[in-house]
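Chains, contacts and geometry: an overview
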Amino acid sequence: KKYDVEIVSYDDQYIADEAVNAVNRLVFEDNVKFIFGTIGSAGVLGMQTVTEENEVLLLANSYSTESVSPDNHLPFVLRLQM
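Description of the structure in this document. All figures in this text were calculated on a predicted structure; none of them were measured in a lab.

Parameters at a glance
- Throughout, residues of each chain are indexed from 1 in the direction in which the sequence is written.
- Per-residue local features of the predicted model are confined to residues with pLDDT of at least 70, and side-chain atom pairs are confined, for both listing and counting, to 80 or more; whole-chain, interface and lining totals are unaffected and use all residues.
- By convention in this description, side-chain values take in all heavy atoms of the structure and omit both hydrogens and water.
- Type-normalised accessible area, obtained with a 1.4 Å probe on protein chains alone, sets the label of each residue: buried when under 20%, exposed when over 50%, and partly exposed for intermediate values.
- Each helix is a run of DSSP H or I of at least 4 residues and each strand a run of E of at least 2, with the numbering of both proceeding from the N terminus.
- One bridge is not enough; two strands pair if DSSP finds at least two bridges between them.
- By convention, orient the strands away from the viewer: a clockwise path from the first strand over the helix to the second makes the crossover right-handed.
- We define a polar contact as two N or O atoms separated by no more than 3.5 Å, with the added condition that, inside protein, one atom must be a possible hydrogen donor and the other a possible acceptor, whereas residues neighbouring each other in sequence contribute only through side-chain atom pairs.
- Only heavy atoms matter for contacts: two residues are in contact if any of them lie within 4.5 Å across the pair.

Regarding the pairing of strand β2 (residues 57-62)
- Counting buried positions along β2 gives 5 out of 6 residues, so the element sits mostly inside the fold.
- Examined bridge by bridge, strand β1 (residues 34-39) and β2 share 4 bridges and lie parallel to one another. Each residue of the ladder has a partner; that of Ile 39, found in β2, is Asn 61.
- Chirality of the crossover, the property in question, places the unit of β1, helix α2 (residues 41-53) and β2 among those that are right-handed.

What follows is the structure, given as structure tokens:
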């Protein structure tokens, strides 16, 4: 299958509340099915509830061990360990 891809972006300013605002706009207003980002554990954790409940694939970066769990079925989180 071929898909047309439209890029929709919002700046969460590395603030968890802004990440949640952005994911709500992306899911409920823009009707996206795939999200690439955010960078930062607080934003990822805030976004996961919305993306999981609405079956939106989330590709994100997080240092938090909570971002990857058996309860989360749709996130693909790159977790960096140093």
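Section: the side chain of Thr 38
- Its location among the elements puts Thr 38 in strand β1.
- For Thr 38, a relative accessible area of 12% corresponds to the buried category.
- A polar side-chain atom of Thr 38 sits 2.2 Å from a polar atom in the side chain of Asp 12.
- Residues in contact with Thr 38, not counting those within four places in the same chain, are Asp 12, Gly 43, Val 44, Met 47, Ala 60 and Asn 61.

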